[in-house]
Amino acid sequence: MAEAATARRSRITPERESELYAAVVALLREVGYDALTMDAVAARTRSSKATLYRQWGGKAELVVKALRNQKPVQLADVDTGSLRGDFHELVRCQDDVQVEQHSELMRGMAMAVHGNPDLLQAFRELLIEPELAELRRMLHRAVGRGELRADNPACEYVVHMLIGAIGVRTLIDGLPPTQEFLRSYIDAVVLPALGV
C-alpha cells in the first residue's frame, strides 16, 4: 500500500505538491474540514478531481498531508544540543500570528476528527505517529546527553502537555497562545516535569 501511494505521488513535482498543499491549507482555514470538498480543492489548485484522488486517495489523506507539509519546522530538523533549546526552537519557528492561526486550525481539526473515522485514522498514521516518533528521538537524545532520565514517567505525556497548553490557552485565559506564553510554559511546566 505504501509503495502504491509513493508511485501515485511520484508524478507530481515537489514544487507542485507544495503549491497544492498550501492551497489546501488556505481553503481549510476558509471553510473548515467538513465544508472542504475535493471539487473546491480541484478548482483552487487548477487540478482535476481524478488527479487528486489518484495522488492522495481522498480528502482525509490530502488534508493531513497538507497540514504536515505546511509545518514551519519538522521535529527531525531540530537538534540544538539541549532539550530546552530544542523546545524553544520549535516555538521560535512561528511568530505569534502563525501560532494563533495554527492553533485555530488545529482546534477545528480536533472537532472534525470526532465525526470522521477516516480523518482520525489519517491524522494518527500520517501526522501524530510520525511526530511522536520524532519527539521520542528528541527525548532519547536528551537521555544520551544526561539531561533526562530514561525512566521519567512524564516522557509519555510531553505531547499532551504541549498540545494542551496551546489548545486551552484561549479557553482559559481568553488569549491566543503566544511565543512568550509557550516558552514560559515549557520552562515552568514541561521541563520541570521532565526533571530538566
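Everything discussed here concerns the structure shown above.
All of the points below concern the structure found in this document. (Residues numbered from 1 in each chain as written. Predicted model: local features only at pLDDT ≥ 70, side-chain atom pairs only at ≥ 80, totals over all residues. Heavy atoms only, no water.)

With respect to the overall build of the chain
So the rule is basically this: We count a stretch as a helix when DSSP gives it H or I for four or more residues in a row; a strand needs E for two or more, and each element gets its number in order from the N terminus. Partly exposed describes any residue whose relative accessible area lies between the buried limit of under 20% and the exposed limit of over 50%, with all areas from a 1.4 Å probe on protein chains only and scaled to the type maximum. Contacts are assigned to residue pairs with any non-hydrogen atoms lying within 4.5 Å of each other. Only the protein chains shown count as cover for residues, and all accessible areas are computed by the Shrake-Rupley method using a 1.4 Å probe. The convention is simple: Lys and Arg are positive, Asp and Glu are negative, and His and the chain ends are not counted. A charged residue contributes its charge at one atom only: NZ of Lys, CZ of Arg, CG of Asp or CD of Glu.
The number of helices and strands found in the chain is 10 helices and 0 strands. Listing every helix and strand of the chain by position from the N terminus yields α-α-α-α-α-α-α-α-α-α. Taken along the three principal axes of its C-alpha coordinates, the chain extends 50 × 40 × 30 Å. Looking at the 196 residues of the chain, the share that counts as buried comes to 38%. Residue pairs at least 24 apart in sequence account for 69% of intrachain contacts in the chain once pairs closer than 6 positions are excluded. For the chain, the accessible area works out to roughly 10,800 Å², and carbon and sulfur atoms hold 55% of it. With 24 positive and 27 negative side-chain charges, the chain shows a spacing of 4 Å between the two charge centroids.

Points about the environment of Phe181
Within the fold, Phe181 resides in helix α10 (residues 179-193). Each C-alpha atom, one on Phe181 and one on Glu147, is 23 Å from the other, the two residues being 34 residues apart in sequence. If sequence neighbours within four positions are ignored, Phe181 has contacts with Ala165, Arg169 and Asp173.

Focus: the side chain of Gln179
In this structure, Gln179 sits in helix α10. Look at Gln179 and you get buried, because its relative accessible area is 18%. Dropping the residues within four chain positions of it, Gln179 is found in contact with Val91, Arg92, Gln94, Asp95 and Asp96.

A look at a nonpolar patch on the surface
We count it as follows: Candidates for patches are residues over 30% relative accessible area with no salt bridge; among them, like charges are joined within 9 Å and nonpolar side chains (Val, Leu, Ile, Met, Phe, Trp, Tyr) within 5 Å. Throughout this description, the term salt bridge denotes a Lys or Arg side-chain nitrogen within 4 Å of a carboxyl oxygen of Asp or Glu.
On the surface, a cluster of nonpolar side chains totalling about 330 Å² of accessible area is made up of Val168, Leu171 and Ile172. Secondary-structure assignment places Val168 in helix α9 (residues 158-173).

Remarks on the nonpolar core
What counts is decided by this rule: The nonpolar core is taken to be a set of buried Ala, Val, Leu, Ile, Met, Phe, Trp, Tyr and Cys residues, with the residues joined through side-chain atoms within 4.5 Å.
Core analysis: the largest hydrophobic core is formed by 28 residues, its most contacted members being Leu28, Tyr33, Val63, Leu67, Met109, Leu119 and Phe123. At the level of secondary structure, the elements contributing two or more residues to this core comprise α2 (14-35), α3 (38-45), α4 (49-56), α5 (59-69), α7 (96-114) and α8 (117-144). Ranked by residues supplied to this core, first place goes to α2 with 7 residues. With near-sequence residues (within four places) excluded, Leu119 lies in contact with Tyr33, Ala60, Val64, Met109, Ala112 and Val113.

As for a negative patch on the surface
On the surface, Asp95, Asp96, Glu100, Glu104 and Glu180 cluster together to form a negatively charged patch. Looking at the negative patch element by element, the count peaks at 3 residues for α7. Assignment of secondary structure puts Glu104 in helix α7. Residue classification places Glu104 among the partly exposed residues on the basis of a relative accessible area of 45%.

Considerations on unusual backbone geometry
Within the chain, Arg46 stands out as a residue other than glycine whose phi angle is a positive 55°. Relative to the assigned elements, Arg46 resides in the loop between α3 and α4. Since its relative accessible area comes to 65%, Arg46 is described here as exposed.

This is a description of form; function is not addressed.
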